[in-house]
Number of protein chains: 2
Amino acid sequence: MARAGLTVERLARAGAELADEVGFDQVTVTALARRFDVKVASLYSHVKNSQDLRTRIALLALRELADRAADALAGRAGKDALAALGGVYRDYAREHPGRYEAAQLRLDPETAAASAGVRHAQMTRAILRGYDLTEPDQTHAVRLLGSVFHGYVSLEMGGGFSHSAPDTQETWTRILDALDALLRNWPAPAP
Amino acid sequence: MARAGLTVERLARAGAELADEVGFDQVTVTALARRFDVKVASLYSHVKNSQDLRTRIALLALRELADRAADALAGRAGKDALAALGGVYRDYAREHPGRYEAAQLRLDPETAAASAGVRHAQMTRAILRGYDLTEPDQTHAVRLLGSVFHGYVSLEMGGGFSHSAPDTQETWTRILDALDALLRNWPAPAP
DNA sequence: GGCGTTTGCCTAAACCTATTAGGTGAATGC
DNA sequence: GCATTCACCTAATAGGTTTAGGCAAACGCC
């Protein structure tokens, strides 16, 4: 009986590829077993269950995304950094739609706290050091940037902006312009 | 044989309730049949299949959301209208998390075009009439607002901002302030 | 190099969910 | 009062998930 050489890491990686090919919600223990030419039950020696598998794929995607972001941010500041971070999310979603979906999976609090998710928040906060925001405003701005990037990418991926002029690249750069302007001139609370 | 009185509308409505209770991805033909105390196969006289059922729930949610938005926008303009629209999305997601998830379902283009989704875009555009934006910029701004609202609500729902100070209500109002300021002073393209 | 232990994969079986085909009986319409 | 339609049924197939228990290859050890 030849062994297929399954490991948790290989399963997660293959699951991520499968997600990009057929969509994250189509990633199934059965499909993954087929891909390794192995019986379904064999996977259960490596992952606890279907949910566990999905979680591992999500963690992989978060890690990849954070690594890319760290690379892209190296040596950049201000609007340059802002555009770089946004670009990383957008490009990753286009190249790896299934992984990007996976990164959106709801994790339970402890798992989330131990994930690369915290690096994402740290990097966003680092970008804001290039702008002049005091502490509570910095948090508000972190949340705004998270919302815009996540919201834009997921709407664009879902075809929300599809086939309407002007094209989405133009909108994307103008949104980055707008965010930069906003951060350079963050308004005081409305009266 | 007593009849349960199934119709497509009742199925969609019950499916929406079920979604709010157990999550949209747990809405299954089987669970819905149980709820009506009817055999699973009976539902197939009313909906084509599981996907069809989900789509109908999504369309219901989009319609409800658009109705609420139209109500909230009546008689408002400018920042008032902006806050009202955002509030509708945020409140709906909190009251009806399953329906809100459903509203995010990817629809095929023809279905989307016939859905209440177009009313949402129209309403967002209507709000922008209170600001001074020329045509291509209006589209960019529509997309920005869509991104922020959708992104913020889905991150907040997913616990993305959880247990960190300051509280999310504060952030929400400051984001509305920021968007208002941005729209009143929309920047020209960066050089 | 044989020997026990661990490890990796298997078979088998139980249990969900989705979907189709082919009924039956109650309500409806002329 | 009969035909038709409609609402629901039984039965069967096909996949996905998960657990229990088994066997054989690989590993550690003397």
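A quick note: this is a predicted structure, and the numbers were derived from the prediction, not measured.

## Re the interface of chain B and chain A
Turning to step 1, where the next piece is worked out: Listed as interface residues are 38 residues of chain B and, on the opposing side, 37 residues of chain A.
Turning to step 2, where the next piece is worked out: Between chain B and chain A, the buried area comes to about 3,100 Å², and carbon and sulfur atoms account for 63% of it.
Turning to step 3, where the next piece is worked out: Linking chain B to chain A there are 2 salt bridges.
Turning to step 4, where the next piece is worked out: Joining chain B to chain A, the criterion identifies 13 residue pairs in polar contact (both at pLDDT 80 or more).

## Topic: the UniProt feature "domain: HTH tetR-type" (unreviewed entry) in chain A
Turning to step 1, where the next piece is worked out: The feature "domain: HTH tetR-type" (unreviewed entry), as given by UniProt, occupies residues 5-65 of chain A in the numbering adopted here.
Turning to step 2, where the next piece is worked out: The span residues 5-65 of chain A is 64% helix and 0% strand, and its two end C-alpha atoms sit 27 Å from each other.

## As for the relation of the copies chain B and chain A
Turning to step 1, where the next piece is worked out: The transform that puts chain B on chain A rotates by 180° and translates by 0.0 Å along the axis, for an RMSD of 0.1 Å. Interpreted geometrically, this transformation is the action of a two-fold axis. When C-alpha positions in chain B are compared against the rotation axis, the closest is assigned to Gly151(B), at 1.8 Å.
Turning to step 2, where the next piece is worked out: Comparing interface residues between copies, 97% of those in chain B also lie at the interface in chain A; the contact surface is shared.

## Quick look at the packing of helix 1 (residues 8-22) of chain A against helix 3 (residues 50-73) of chain A
Residues and elements named next belong to chain A.
Turning to step 1, where the next piece is worked out: Packing of helix 1 against helix 3 brings their axes to within 9 Å, and their N-to-C directions diverge by 80°. Classified by the angle between their axes, helix 1 and helix 3 sit roughly perpendicular to one another. Here Val-8, Leu-11, Ala-12, Arg-13, Gly-15 and Ala-16 of helix 1 lie close against helix 3, whose contacting residues are Leu-53, Arg-56, Ile-57 and Leu-60.

## Topic: helix 3 of chain A
Turning to step 1, where the next piece is worked out: When the terminal C-alpha atoms of helix 3 of chain A are compared, their 35 Å separation across 24 residues agrees well with the 34 Å that a helix rising 1.5 Å per residue should span.
Turning to step 2, where the next piece is worked out: Backbone nitrogen of Gln51(A) and a side-chain oxygen of the N-cap are separated by 3.2 Å at the start of helix 3 of chain A; the cap is Asn49(A).

## Structural notes on the pattern of salt bridges
Turning to step 1, where the next piece is worked out: Within the structure shown, the criterion is met by 30 salt bridges over all chains.
Turning to step 2, where the next piece is worked out: Note that Asp180(A) is salt-bridged to Arg184(A), the shortest N-O span being 3.0 Å. Here Arg184(A) and Asp180(A) lie together in helix 9 (residues 168-184), a separation of 4 residues that amounts to about one turn.
Turning to step 3, where the next piece is worked out: A relative accessible area of 7% means that Asp180(A) is categorised as buried.
Turning to step 4, where the next piece is worked out: Among the salt bridges present, the one from Glu156(B) reaches Arg90(B), with a minimum N-O distance of 3.0 Å. One end of the pair, Glu156(B), is in helix 8 (residues 135-157); the other, Arg90(B), is in helix 4 (residues 78-95), and 66 residues separate them in sequence. Side by side, Glu156(B) and Arg90(B) carry an identical accessibility label, which is buried.
Turning to step 5, where the next piece is worked out: One network of salt bridges, in which partners are shared, links Lys79(A), Arg174(A), Asp177(A) and Asp137(B).

Quick notes on the rules
Residues numbered from 1 in each chain as written. Chains lettered and ligands numbered in written order. Predicted model: local features only at pLDDT ≥ 70, side-chain atom pairs only at ≥ 80, totals over all residues. Heavy atoms only, no water. Contact = heavy atoms within 4.5 Å. Buried area = accessible area lost by both parts, 1.4 Å probe. Salt bridge = Lys/Arg side-chain N within 4 Å of Asp/Glu carboxyl O. Polar contact = N/O pair within 3.5 Å; in protein donor to acceptor, adjacent residues only side chain to side chain. UniProt positions renumbered as here; feature names shortened; annotations may be inferred. Helix = DSSP H or I, 4+ residues; strand = E, 2+ residues; numbered from the N terminus. Least-squares fit on C-alpha atoms with pLDDT ≥ 70 in both. Axes fitted to C-alpha atoms, helices over the stretch in contact; angles between N-to-C directions. Parallel < 35°, antiparallel > 145°, perpendicular 65-115°, else oblique. Expected span 1.5 Å × (residues − 1). Buried < 20%, exposed > 50% of the residue type's maximum accessible area, 1.4 Å probe, protein only.

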